[in-house]
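Take a look at the letters that make up each chain.
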Amino acid sequence: MKRTELFEIISEKTGVTPKEVESVINAFTEFVASELKSQGKFTLRNFGTLTTHIRYKYVIPKTDIIIDKPVRYVSFSQSEYMRRQLNGCKK
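Residues numbered from 1 in each chain as written. Predicted model: local features only at pLDDT ≥ 70, side-chain atom pairs only at ≥ 80, totals over all residues. Heavy atoms only, no water.

## Describing the pattern of salt bridges
- According to the stated counting rule, one finds 3 salt bridges in the structure shown.
- For glutamate 80, the salt bridge goes to arginine 84, with nearest N and O atoms at 3.9 Å. Within this pair, glutamate 80 and its partner arginine 84 are both found in helix α3 (residues 80-87), separated by 4 residues, close to a single helical turn.
- A residue is classified by how much of its surface remains accessible, and glutamate 80, at 43% relative accessible area, is partly exposed.
- In this structure arginine 84 comes out as partly exposed when scored by relative accessible area, which is 28%. (Salt bridge = Lys/Arg side-chain N within 4 Å of Asp/Glu carboxyl O. Helix = DSSP H or I, 4+ residues; strand = E, 2+ residues; numbered from the N terminus. Buried < 20%, exposed > 50% of the residue type's maximum accessible area, 1.4 Å probe, protein only.)

Set out below in structure tokens:
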């Protein structure tokens, strides 16, 4: 899904202009990024948790190049509510 498609869908559901939706989503993503950078974790109830991890050393399999530089990455863990919604469970 493209960002503009997301802006249009949210705009139709809320009655807010796509430009306003764009500014809200941009502010939200900036906030999440700053929280991940400072706290290492961001939780949104009924959605899930984003957590940062550090990969210290890894190998690129295709070229067998070893990277020693620490790299931060984000993992996502869905909430129980989201899991139930995706699996069609009640409650």
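## Some details on helix α1 (residues 3-14)
- When the terminal C-alpha atoms of α1 are compared, their 16 Å separation across 12 residues agrees well with the 16 Å that a helix rising 1.5 Å per residue should span.
- Glycine 15 sits one or two residues past α1 and shows a positive phi near 80°. (Expected span 1.5 Å × (residues − 1).)

## Some words on the packing of α1 against helix α2 (residues 18-39)
- Packing of α1 against α2 brings their axes to within 9 Å, and their N-to-C directions diverge by 115°. Relative to α2, α1 is oriented roughly perpendicular. Considering only the axes of α1 and α2, their crossing is right-handed. Seen from α1, the contacting residues are Arg3, Leu6, Phe7, Glu8, Ile10 and Ser11; seen from α2, they are Pro18, Val21, Glu22, Ile25 and Asn26.
- For the contact of α1 with α2, a count of residues per class yields 6 nonpolar, 2 polar and 3 charged. (Axes fitted to C-alpha atoms, helices over the stretch in contact; angles between N-to-C directions. Parallel < 35°, antiparallel > 145°, perpendicular 65-115°, else oblique. Left-handed = near helix turned anticlockwise from the far one by under 90°. Contact = heavy atoms within 4.5 Å. Nonpolar A, V, L, I, M, F, W, Y, C, P; charged D, E, K, R; others polar.)

## Examining the sheet that holds strand β2 (residues 48-55)
- Taken together, the 3 strands give an open sheet; going across it, the order is β1-β2-β5, and neighbouring strands pair in antiparallel fashion. The open sheet terminates on both sides in strands that have one partner only, identified here as β1 (41-44) and β5 (71-78). Each strand axis lies, on average, 20° off the axis of its neighbour in the sheet, ignoring direction.
- Where β1 lies against β2, 4 bridges are found, and the strand directions are antiparallel. Across the sheet, threonine 43 pairs through a bridge with threonine 49, a residue of β2. (Pairing = 2+ DSSP bridges.)

## Considerations on the packing of aromatic side chains
- The final tally for this structure, using the stated rule, is 3 aromatic pairs.
- Centre to centre, the rings of phenylalanine 28 and phenylalanine 42 are 6.1 Å apart; their planes meet at 75°, and the pair counts as edge-to-face. With phenylalanine 28 in helix α2 and phenylalanine 42 in strand β1, this residue pair connects regions lying 14 residues apart in the sequence.
- What makes phenylalanine 28 partly exposed here is its relative accessible area of 40%.
- Note on phenylalanine 42: relative accessible area 12%, which makes it buried.
- With a centroid separation of 6.0 Å and an interplanar angle of 85°, the aromatic rings of phenylalanine 31 and phenylalanine 42 are classed as edge-to-face. Taken together, the residues span a long stretch of sequence, with phenylalanine 31 in helix α2 and phenylalanine 42 in strand β1 at a distance of 11 residues.
- In textbook terms, an aromatic cluster arises when at least three aromatic residues are bridged by ring pairs, as seen for Phe28, Phe31 and Phe42.
- Residue placement shows arginine 55 over the ring face of tyrosine 58; its charged tip is 5.2 Å from the ring centre. (Phe/Tyr/Trp six-rings, centres within 6.5 Å; stacked < 30°, edge-to-face > 60°. Lys NZ or Arg CZ within 6 Å of the ring centre and 35° of its normal.)

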